[in-house]
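Survey of secondary and tertiary structure
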Amino acid sequence: MSIHSEGLSDNQSERVLAALDQFQIETPSWGYADTGTRFGKFYQPAAAINLGDKLSDAGQVHRLTGCCPTVAVHVLWDFPEGSDPAEVVRQAEQSGVTIGAINPNVFQNQQYKLGSFGNPDATARQAALQHCLDSIAIAQQVGSQHISLWFADGTSYPGQDNMRSRKRRFAEGLQQAHDRLSHDQMLLVEYKPFEPAFYQTDIADWGMAYLLAKSAGPQAKVLVDTGHHYLAQNIEQIVAWLLDEQMLGGFHFNDRRYADDDLTLGSIDPYQVFRIFHEIHSYAFDQRGVYPEIAYMVDQSHNLKPKLEAMIQTVMVAQELYAKAALVDHAALVVHQSNGDIVAAERMLQRAFTTDVNDAVVTWRRQHGLPDDPLDALRTSGYVEQAARERSERRDALGIVQATSYA
Ligand code: PSV
Ligand code: MN
């Protein structure tokens, strides 16, 4: 099959194909279930009811896109008391996916009102640590490499707690969790500036996550959630610094206009996503073509868009932007940079960003026996309608009421 794509040189088409060959992105189990904002939920009949449904949906996304073989799971939401990890592995296999990052949940139980690892009460801290250790054990049982840690910890009023003590409690908890990792596992430490705490968050930015990951041990790295930054923040610079320090563990991708909005990737600022990917390709160029191991993950749950469509749309945008960023000629860029030719250097990024890579992406899909347009394919597959029918019947049988009345 010719790799030539309309409008692209052979070299550009090759770059796109090579980029797509090494790009995979994990979808989150919580993106397939009914979720909402704190003001309300808008239910979808096709929403997943249980983990089996979520894995099945993730399997459908992977079947159509060919680049989402793993699914991130949330321990309390997906592994209720007494659930059997072996059975989860079997269900995942049946759906054509495997279990990816394990997300402990130390933010929803009553005992975490004043925090988890940062809580002034040692009993609450111990409970949080135990849950993380249990999550690491689950990860080992399901063959998962990543433990993704997000803490809602913080304080909402000045003087509420001692910030230095909270920092030290965090360092201690993370070290203890790190001690339990097997040699192939990695702790990913996520940061977020605010919400649910409104005065101070214990791991508020990448610097705090970096310091805590460093003090935890060599198998801890930073996780960058694109929605977890102040509006003017230069996220790609954070990515560049973490890459240079070999401390970038993974991403939670989503887009936002105001805060942690969980919008589909690239819906507001695709150029920012492109610039993030550009830093990764640029780093790999410096490493003679060797790419760092990064866990690319989606962290979105949709209240308005149909869930599978939103997920596939996100994955397609991620592939497209990753491929566009691969078009930058780094050798030429280095020359422009050392000549101080700002305009020529910037144009290299702009040109790559505005290049239409769609034909090359379709070529890649055909090479892998995938549909040309995964979104169209989802719409014609009947999968969502069938899921809506079957899940509505199951909800009725289980007595689960989905719709709320506004009367
Ligand atoms: C918190 O906002 C977060 O980004 C964390 O990654 C959680 O695990 C995820 O969202 C789902 O609540
Ligand atoms: Mn996240």
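It should be emphasised that the depicted structure is a prediction, and the values quoted were computed from it without experimental measurement.

With that out of the way, let us pick up the nonpolar core. Counting residues in each nonpolar core, the largest one holds 104 residues, and the members touching the most others are Val16, Ile25, Phe251, Phe277, Ile280 and Tyr296. Ala101, Leu188, Leu223 and Met297 belong to the second-largest nonpolar core, a separate cluster that totals eight residues.

The next subject is the coordination of the manganese ion (ligand 2). For the manganese ion (ligand 2), the full set of protein donor atoms is Glu190 (OE), Asp225 (OD), His252 (ND1) and Asp299 (OD), and the range of their distances to it is 2.1 to 2.2 Å. Of note is the manganese ion (ligand 2), whose six donor atoms meet at the metal with angles of 71 to 167° in an arrangement that counts as octahedral. The buried category is assigned to Glu190, whose relative accessible area is 3%. Relative accessible area serves as the criterion here: at 12%, Asp299 is assigned to the buried category.

Taken together, Trp30, His74, Trp77, Asn103, Trp150, Glu190, Lys192, Asp225, His228, His252, Asp260 and Asp299 make up the full set of residues adjacent to ligand 1. Within the side chain of Glu190, an N or O atom sits 2.8 Å from an oxygen atom of ligand 1. Isolated, ligand 1 exposes 310 Å² of accessible area, and the fraction of that covered by the protein chains is 87%.

With that out of the way, let us pick up helix 10 (residues 307-325). In this model helix 10 runs 27 Å from its N-terminal to its C-terminal C-alpha over 19 residues, within 8% of the 27 Å that 1.5 Å per residue would give. By the criterion of burial, helix 10 is predominantly enclosed, with 16 of the 19 residues buried.

The next subject is the packing of helix 9 (residues 270-286) against helix 12 (residues 342-354). Running from N to C, helix 9 and helix 12 point in directions that differ by 115°, and their axes come no closer than 11 Å. At the point where helix 9 passes helix 12, the crossing takes the right-handed sense. Note on element contacts: helix 12 touches helix 9 through Leu349, Gln350, Ala352 and Phe353, opposite Pro270, Tyr271, Phe274 and His278. By residue class, the composition of the contact of helix 9 with helix 12 is six nonpolar, two polar and no charged.

To continue, consider the environment of Leu181. Mapped onto the secondary structure, Leu181 falls in the loop between helix 6 (163-179) and strand 6 (186-190). In this structure, the C-alpha to C-alpha distance between Leu181 and Asp396, residues 215 residues apart in sequence, is 42 Å. Not counting residues up to four positions away in its chain, the partners in contact with Leu181 are Ile136, Gln140, Ile147, Leu187 and Gln219.

The linkage connecting Glu195 with the following residue, Pro196, adopts the cis geometry, with an omega of 5°. If you check the backbone angles, Glu195 has positive phi at about 80° while not being a glycine. Within the secondary structure, Glu195 is located in the loop between strand 6 and strand 7 (200-201). Note on Glu195: relative accessible area 31%, which makes it partly exposed. One non-glycine residue with positive phi stands out, namely Gln246, at about 55°. Along the chain, Gln246 falls in the loop between helix 8 (235-244) and strand 9 (248-253). Exposure remark for Gln246: the relative accessible area of 53% places this residue in the exposed category.

For the rest of this paragraph, the subject is helix 1 (residues 10-21). Taking 1.5 Å as the rise per residue, helix 1 with twelve residues should run 16 Å; its terminal C-alpha atoms sit 16 Å apart, in good agreement. Within the span of helix 1, buried status applies to Ser13, Val16, Leu17, Ala19 and Leu20. The buried residues of helix 1 all sit within an arc of 160° when viewed along its axis, so they share a single face. Against helix 10 and helix 13 (358-367) lie the buried residues of helix 1.

Locating Glu87 in the fold gives a position in helix 4 (residues 85-94). According to the relative accessible area criterion, Glu87 is partly exposed, its value standing at 32%. Considering only alpha carbons, one finds Glu87 and Val142, 55 residues apart in sequence, at a separation of 9.4 Å. A polar contact of 2.8 Å, which involves the side chain of Glu87, links it to the side chain of Arg90.

Okay, the pairing of strand 8 (residues 220-225) next. Among the six residues in strand 8, six count as buried, and that is most of the element. Pairing analysis gives four bridges linking strand 6 to strand 8, with the strands arranged parallel. Its bridge partner lying in strand 8, Leu188 is registered against Lys221. Handedness of the crossover joining strand 8 and strand 9 through helix 8: right-handed.

For the rest of this paragraph, the subject is the confidence of the model for the chain. Of the residues in the chain, 97% have a pLDDT of 70 or more, and the chain-wide mean is 96. Ranking the helices and strands of the chain by mean pLDDT puts strand 8 first, with 99, and helix 3 (residues 75-78) last, with 92.

What describes two packed helices is the angle between their axes and the distance between those same axes. Between helix 2 (residues 51-65) and helix 10, whose axes approach to 10 Å, the crossing angle comes to 40°. Classified by the interaxial angle, the pair formed by helix 2 and helix 10 is oblique. The two elements helix 2 and helix 10 meet at a crossing, and its hand is right-handed. For the pair formed by helix 2 and helix 10, the contact residues are Asp57, Gln60, Val61, Leu64 and Thr65 on the first element and Leu308, Met311, Ile312, Val315 and Gln319 on the second. In terms of residue class, the contact of helix 2 with helix 10 is made up of six nonpolar, three polar and one charged.

Rules used throughout
- Residues numbered from 1 in each chain as written.
- Chains lettered and ligands numbered in written order.
- Predicted model: local features only at pLDDT ≥ 70, side-chain atom pairs only at ≥ 80, totals over all residues.
- Heavy atoms only, no water.
- Core = buried A, V, L, I, M, F, W, Y, C linked by side-chain atoms within 4.5 Å.
- Buried < 20%, exposed > 50% of the residue type's maximum accessible area, 1.4 Å probe, protein only.
- Donors = N, O, S within 2.8 Å, 3.2 Å for Na, K, Ca; no water.
- Tetrahedral: all angles 85-135°; square planar, octahedral: opposite > 155°, others 65-115°.
- Near = heavy atom within 4 Å.
- Polar contact = N/O pair within 3.5 Å; in protein donor to acceptor, adjacent residues only side chain to side chain.
- Areas by Shrake-Rupley, 256 points an atom, 1.4 Å probe, with all protein chains shown as cover.
- Helix = DSSP H or I, 4+ residues; strand = E, 2+ residues; numbered from the N terminus.
- Expected span 1.5 Å × (residues − 1).
- Axes fitted to C-alpha atoms, helices over the stretch in contact; angles between N-to-C directions.
- Left-handed = near helix turned anticlockwise from the far one by under 90°.
- Contact = heavy atoms within 4.5 Å.
- Nonpolar A, V, L, I, M, F, W, Y, C, P; charged D, E, K, R; others polar.
- Arc of directions from axis to C-beta.
- Pairing = 2+ DSSP bridges.
- Right-handed = clockwise from strand over helix to strand, strands pointing away.
- pLDDT = per-residue confidence, 0-100.
- Parallel < 35°, antiparallel > 145°, perpendicular 65-115°, else oblique.

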